[in-house]
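# Overview (structure and organization)
Each chain is listed here by its residues.
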Amino acid sequence: MKFKAPKWLSVAPVAAALVISLAACGGGSSEPSGTATDALAGSDQKSLDSFTTADVTPLDKLDKSKLGLITDGTIRVGTLSDAPPNIFIDPSGKFTGYDNELLRAIGDKLGLKVEFASTDFSALLSQVGNKQFDVGSSSISTTDARRKTVGFTNGYDFGYMAVVTKSDSKITGFGDIKEGLRIGVVQGTVQDDYMTNTLKIEPVRFPDYNTVYGNVKNGQIDAWVAPSQQAEGQVKEGDNTKIAEKVVNTQNFTAYAVNKDNKPLIDALNSGLDAVIADGTWAKLTAEWYKDRPTAAEQTPQGWKPGSKAVQLPAK
């Protein structure tokens, strides 16, 4: 697969129209690793804690001259254009969504401009690793395989995995997925890894969320195994589709990707993240973008919480 070069300030990227079917493109760093990761196994708090920092550097102690940014004063971010409510371009041409608005808030705490460009998920981690972007923002689950390519901030989100089908489908959820069905995934995602390495079923791989959902609607595939946030952003009344099942996934928290050698930038983003958690911005954005998470209990399931171990969510 050819990687896209960043197109700074591009506001109307065209989603790839061709299906990447049955065989994965070679070379992508976010390919399924060959090591099974059961994304639906539930939270492993000990494992998550091993990657979460005990605390962060106070904002006024950060040395912003050492952040290793491509452009001084600006965080250049690779993101997607088609995955609401997390990462997408709105009708005015603005890069927005939960992940991107949270990153803007973090940038404000750090006194840094945040500049977005569109790319494909299958290329994103390699582009961050190669310093084409300072940061990757795409609801990225922090698997062990991905940590070989990039570094990650502390977690700011968890996720659900969902099964999307036609409304009249006999598939009712994950238990009905089996060999012989045409199950779609987006190339290089945790869902691709789950199908390939956990279920040992070869999926039909697509380059983006719009394309895989379109293939559910027109009946070219039997179901889509999806991040539920993106499933809910795609499924519309009148489409003759439904979310058959969704299951919480806190096995690997969601974080921003950074070049793994750029610890000063990772540390700075962690400091900014703790700051927006402590002042209530994180909870406000979470409730705003995830309508099914209005309360603290729904925002922090199974003992999970965002940011460092030291930061506390403000009392209601």
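Presented here is an overview of the structure given in this document. (Residues numbered from 1 in each chain as written. Predicted model: local features only at pLDDT ≥ 70, side-chain atom pairs only at ≥ 80, totals over all residues. Heavy atoms only, no water.)

## Thoughts on the packing of aromatic side chains
As enumerated under the stated definition, the model contains ten aromatic pairs in all. Between Tyr156 and Tyr256 the ring centres are 4.2 Å apart and the planes differ by 20 degrees, which places this aromatic pair in the stacked class. With Tyr156 in the loop between strand E7 (151-152) and strand E8 (157-166) and Tyr256 in strand E12 (residues 241-258), this pair connects stretches of sequence that are 100 residues apart. Each member of the aromatic cluster is reached from another via a ring pair, and the members are Tyr98, Tyr156, Tyr256 and Tyr290. Sitting over the face of the ring of Phe51, Arg147 holds its NZ or CZ atom 3.7 Å from the ring centroid. Between the NZ or CZ atom of Arg293 and the centre of the ring of Tyr290, over which it lies, the distance is 3.9 Å. (Phe/Tyr/Trp six-rings, centres within 6.5 Å; stacked < 30°, edge-to-face > 60°. Helix = DSSP H or I, 4+ residues; strand = E, 2+ residues; numbered from the N terminus. Lys NZ or Arg CZ within 6 Å of the ring centre and 35° of its normal.)

## Brief notes about the nonpolar core
Counting 64 residues, the largest nonpolar core has Leu102, Val135 and Leu269 as the members making the most contacts within it. With seven residues, helix H8 (residues 263-278) is the single largest residue contributor to this core. Setting aside residues up to four positions removed in sequence, Val135 forms contacts with Ile75, Arg76, Val77, Gly78, Leu103, Val128, Tyr256, Ala257, Val258, Leu265 and Leu269. Listed in part, the 13 residues of the second largest apolar core include Met161, Ile177, Val190 and Ala223. (Core = buried A, V, L, I, M, F, W, Y, C linked by side-chain atoms within 4.5 Å. Buried < 20%, exposed > 50% of the residue type's maximum accessible area, 1.4 Å probe, protein only. Contact = heavy atoms within 4.5 Å.)

## Some details on helix H6 (residues 209-217)
Those residues of H6 lying buried are Tyr209, Thr211, Val212, Tyr213, Asn215 and Val216. Capping the start of H6, Asp208 holds a side-chain oxygen 3.3 Å from the backbone nitrogen of Asn210, two or three residues further along. Among the residues trailing H6, Gly219 stands out with phi positive, at a value near 80 degrees. (Polar contact = N/O pair within 3.5 Å; in protein donor to acceptor, adjacent residues only side chain to side chain.)

## Looking at the packing of helix H2 (residues 98-110) against H8
When two helices pack together, you describe them by how their axes are tilted relative to each other and by the distance separating the axes. Viewed as axis vectors pointing N to C, H2 and H8 meet at an angle of 105 degrees, and their least axial separation amounts to 8 Å. Relative to H8, the element H2 lies roughly perpendicular. Contacts between H2 and H8 involve Leu102, Leu103, Ala105, Ile106, Lys109 and Leu110 from the former and Ala268, Leu269, Gly272, Leu273, Ala275 and Val276 from the latter. (Axes fitted to C-alpha atoms, helices over the stretch in contact; angles between N-to-C directions. Parallel < 35°, antiparallel > 145°, perpendicular 65-115°, else oblique.)

## Side note on the pairing of strand E1 (residues 74-79)
Taken across its six residues, E1 has six buried, putting it largely inside the fold. Of the strand pairs in this sheet, E1 and strand E5 (residues 113-118) are connected by six bridges, and their pairing is parallel. Bridge pairing in E5 links Ile75 to Val114. Two elements, E1 and strand E6 (residues 135-141), share three bridges in a ladder whose sense is parallel. Residue pairing in the sheet places Gly78 in a bridge with Gly136 of E6. (Pairing = 2+ DSSP bridges.)

## Looking at the pattern of salt bridges
Counted under the stated rule, the structure contains twelve salt bridges. Glu202 serves as the salt-bridge partner of Arg205, at 2.8 Å between the closest nitrogen and oxygen. Given the relative accessible area of 2%, Arg205 is considered buried. Across the pair Glu232 and Lys246 runs a salt bridge, and its minimum N-O distance is 2.9 Å. With Glu232 in helix H7 (residues 228-234) and Lys246 in strand E12, this pair connects stretches of sequence that are 14 residues apart. Taking relative accessible area as the criterion, Lys246 reaches 35% and is therefore assigned partly exposed. Through salt bridges that share partners, Arg76, Lys113 and Glu115 make up one connected network. (Salt bridge = Lys/Arg side-chain N within 4 Å of Asp/Glu carboxyl O.)

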